[in-house]
Amino acid sequence: MRVTNRAARAILSRSKPQARFFGKSSFLSKRASLSTYSSYEYPWASEPPEITKTTAIEASKQQPSQKVYQAPDPRDPFDDSNAMAATEREALRTKQQESLSQLSLKTALPITKSVPSHIPNNVPADQLETPKVQVTQLANGVRVVSQETYGQVSCIGVVCGVSSRLETAQESGVTNLLEVLAFGSTEQYSALEIQHLLQDLGATRFVNTGREQSLYCIDLLRPNVDKAMELLQQVLLKPQFTQEEVDHAKQALEYQAMDMPPQLILGEALQAAAYGIDQQLGQPHLVTPQSLHNLTPDLVNSYWERHMLSNPNSLVIAGAGVRHEYLVEMADKHFGHLKQAKNTVIAATTPSIYRGGEDRRTLPTTEGLTNVAVGLHVGGWHTDSLVPACVLQTLLGGGNSFSAGGPGKGMYSRLYRQVLNRYSWAESAEAFTSFHDESGVWGISGSTVPHKAREMVQVFAEHLARLAVEPVSDEELSRARNMLKCNVLTQLESRLVLFEDLGRQILTYNKREDIHTTCERIDAVTQADVQELANMALKQPPTVAAVGDDVTQVPFQEEVAQWFR
């Protein structure tokens with residue numbers, strides 16, 4: 001830290017000289033008062049600072065010690081004074097032992113002489129059965145999927161069809177609110193008791209809501225799976241959604257909106273521009289200040305009743321690191337009683353049609369940058385263009401202008417080599433994909449200073465057009481395929497990612513594709529596939545989204561569309 005001598009003199013003139021102390025606490029207090037400065041603090045000062053010297057004795061007289069000593073306990077429970085007789089001491093020890101023997105310690109994991117049945121046998125690795133995905137459907141339509149990991153930690157939870165695309169205009173933002181309300185008070189537990197219970201189970205909970213699916217899971221020690229399943233039942237089937245909790249969650253969302261990263265807002269703008277706010281995929285997922293006031297406990301309960309409690313067909317219970325038979329038993333016990341609604345109207349998924357368009361939002365940012373995105377249409381989860389689009393995203397790659405690492409971090413991707421390393425004004429440039437059930441968007445997003453926003457959009461459009469005109473090189477394609485396989489395989493080593501992959505694939509496809517098939521599909525992507533995907537995308541109008549302090553320099557969508565013709 002360096003302070004100019006003028007600033008130092010100004011501060012000194014407003015404060016009285018005090019004694020200097022040469023200890024950590026006294027040094028900090030002296031720094032806080034800013035009364036004097038030493039050559040140790042400011043060795044680069046151009047003028048000699050005023051230095052005062054005092055002895056330790058003088059300092060102790062000027063400012064007595066603030067340390068507080070606790071008075072000794074007059075009862076002397078540990079007989080520090082050695083005043084008790086030997087017989088008295090022995091009688092007290094016997095009494096203490098009797099009281100300790102009567103204590104009943106409650107633990108989530110009691111120690112027993114025999115190995116609990118839910119813990120797999122300890123056998124050599126070469127004798128273990130290769131983990132495989134197992135799927136069971138309960139009588140009421142709830143699906144259960146699991147894969148063994150042979151570890152002592154499990155991840156279990158629920159992936160469901162509760163999503164923001166099902167919200168009505170009056171319910172806008174309720175799914176985002178539910179993410180904050182998750183693991184709140186239930187019929188059996190208060191919110192604080194749930195937090196203590198998670199600690200006792202050695203557990204961590206995760207919640208994620210989106211436009212098409214929501215995820216609730218608990219990562220915990222394997223012997224406590226049954227208790228975690230009971231807790232999930234309370235959280236998902238018997239939540240309270242009290243007025244106090246709803247108000248607190250709404251306040252938390254208000255604070256989040258005040259410091260919302262512009263990248264998240266850009267994603268919302270991209271969806272609205274691509275599909276229009278009158279379609280399910282174009283309506284906002286994040287709560288807005290206007291919609292926040294409409295959210296009440298009754299509205300939240302009504303939404304939850306329709307889409308969670310009355311719709312077991314959209315429920316998938318998944319587990320990573322748990323025996324399938326045991327998970328099915330627990331799922332049937334806690335979720336097998338749910339019944340599909342017949343009289344209650346459940347909002348249906350209405351297909352959204354890609355339109356293309358623009359959405360620009362002027363918002364203050366901390367860095368003063370303009371964030372832009374240029375998107376094109378691509379098929380959804382059930383189309384053949386899914387894997388080629390993922391390979392293309394990896395091939396383009398990108399990231400921030402500052403990144404440490406080598407080829408494994410994507411430093412050899414096209415956007416790093418031809419955008420971030422070429423244009424000094426490019427703060428970030430990264431390829432993105434956004435897939436949905438019936439449609440998707442892929443493209444390039446980035447950030448730059450406002451007066452370079454137009455040039456950045458031109459560069460992005462040029463790279464998108466080149467994909468349709470020039471075949472990608474064999475080296476780029478091979479690197480992209482290998483890197484995508486590496487990313488997929490590495491991510492699946494995580495227990496949480498494995499749980500999420502199991503649940504989402506079953507909910508989306510009603511099956512889980514094995515990793516060998518996935519790698520084969522990635523390797524099968526050719527230069528012609530990539531070029532065809534780009535050509536098909538350019539036949540539809542592009543999407544342009546912009547967020548920042550100044551978005552006036554971003555070209556309009558009609559002009560960008562002309563560049564591709």
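Quick look at the structure, then.

Glancing now at the overall build of the protein. Looking only at helices and strands, one finds 20 helices and 12 strands in the protein. Among the 565 residues that make up the protein, the fraction classed as buried is 45%. Sequence separation of at least 24 residues holds for 77% of the intrachain contacts in the protein that already meet a minimum separation of 6.

The next subject is helix α7 (residues 225-237). Its 13 residues place the ends of α7 18 Å apart at the C-alpha level, agreeing with the 18 Å of an ideal helix rising 1.5 Å per residue. Counting buried positions along α7 gives 10 out of 13 residues, so the element sits mostly inside the fold. Residues of α7 that are buried include every one of Val-225, Ala-228, Met-229, Leu-231, Leu-232, Gln-233, Gln-234, Val-235, Leu-236 and Leu-237, and no others. Looking at the buried positions of α7, the neighbouring elements they touch are β3 (153-160), α6 (191-200), β5 (214-221), α11 (297-309), β6 (315-320) and α12 (324-335).

With that settled, the discussion passes to the packing of helix α5 (residues 174-181) against α11. Direction vectors running N to C along α5 and α11 enclose 95°, while the axes themselves pass 11 Å from each other. When the axes of α5 and α11 are compared, the pair comes out roughly perpendicular. Between α5, through Val-174, Thr-175, Leu-177, Leu-178 and Leu-181, and α11, the contact on the second element is made entirely by Leu-299, Val-300, Tyr-303 and Trp-304.

This part takes up the pairing of β6. Across the six residues of β6, six count as buried, placing the element largely inside the fold. Burial along β6 is two-sided: Leu-315, Ile-317 and Gly-319 and Val-316, Ala-318 and Ala-320, pointing in opposite directions, are all buried. Looking at chain direction, strand β2 (residues 143-147) and β6 are connected through five bridges and run parallel. Within β6, the residue paired with Ser-146 across the bridge is Gly-319.

Attention shifts here to the sheet that holds β3. Read from one edge of the open sheet, six strands run β1-β2-β6-β3-β5-β4, paired in mixed fashion. The open sheet has two edge strands, β1 (134-137) and β4 (204-209), and neither has a second partner. Sheet twist, expressed as the average angle between the axes of neighbouring strands with direction ignored, equals 15°. Sheet topology note: the β3/β5 ladder contains eight bridges and is antiparallel. What sits directly across from Val-158, in β5, is Tyr-216.

Packed helix pairs are characterised by how far apart their axes lie and by the angle those axes make with each other. Closest axis-to-axis distance for the helix α13 (residues 386-396)/helix α16 (residues 474-491) pair is 8 Å, and the angle between their directions is 110°. The angle between α13 and α16 places the two elements in the roughly perpendicular class. On α16, the residues that touch Cys-390, Val-391, Thr-394 and Leu-395 of α13 are Glu-476, Leu-477, Ala-480, Arg-481, Met-483 and Leu-484. For the contact of α13 with α16, the class distribution of residues is seven nonpolar, one polar and two charged.

This part takes up the nonpolar core. Formed by 54 residues in total, the largest nonpolar core has its most connected members in Leu-236 and Phe-335. Among the elements that make up this core, the one with the highest residue count is α7 (eight residues). Not counting residues within four places of it along the chain, the set of residues in contact with Leu-236 comprises Val-158, Tyr-216, Trp-304, Met-308, Leu-309 and Phe-335. Membership of the second largest hydrophobic core comes to 49 residues, among which are Val-374, Trp-425, Met-456 and Leu-477.

To continue, consider the pattern of salt bridges. Evaluation of the coordinates by the stated rule reveals 22 salt bridges. Notably, a salt bridge pairs Arg-222 with Glu-148, separated by 2.8 Å at the nearest N-O pair. Taken as a pair, Arg-222 in the loop between β5 and α7 and Glu-148 in the loop between β2 and β3 lie far apart in primary sequence, 74 residues in all. For the pair Arg-222 and Glu-148, a shared accessibility class is recorded, and that class is buried. Between Glu-475 and Arg-479 there is a salt bridge, and its shortest N-O distance comes to 2.9 Å. A residue pair is termed a helical-turn pair when its members lie 3 or 4 positions apart in one helix, as Glu-475 and Arg-479 do in helix α16 at four residues. Its relative accessible area of 30% is what places Arg-479 among the partly exposed residues. If you follow the salt bridges from partner to partner, you end up with Arg-165, Glu-212 and Glu-438 in one network.

What counts and how
- Residues numbered from 1 in each chain as written.
- Predicted model: local features only at pLDDT ≥ 70, side-chain atom pairs only at ≥ 80, totals over all residues.
- Heavy atoms only, no water.
- Helix = DSSP H or I, 4+ residues; strand = E, 2+ residues; numbered from the N terminus.
- Buried < 20%, exposed > 50% of the residue type's maximum accessible area, 1.4 Å probe, protein only.
- Contact = heavy atoms within 4.5 Å.
- Expected span 1.5 Å × (residues − 1).
- Axes fitted to C-alpha atoms, helices over the stretch in contact; angles between N-to-C directions.
- Parallel < 35°, antiparallel > 145°, perpendicular 65-115°, else oblique.
- Pairing = 2+ DSSP bridges.
- Nonpolar A, V, L, I, M, F, W, Y, C, P; charged D, E, K, R; others polar.
- Core = buried A, V, L, I, M, F, W, Y, C linked by side-chain atoms within 4.5 Å.
- Salt bridge = Lys/Arg side-chain N within 4 Å of Asp/Glu carboxyl O.

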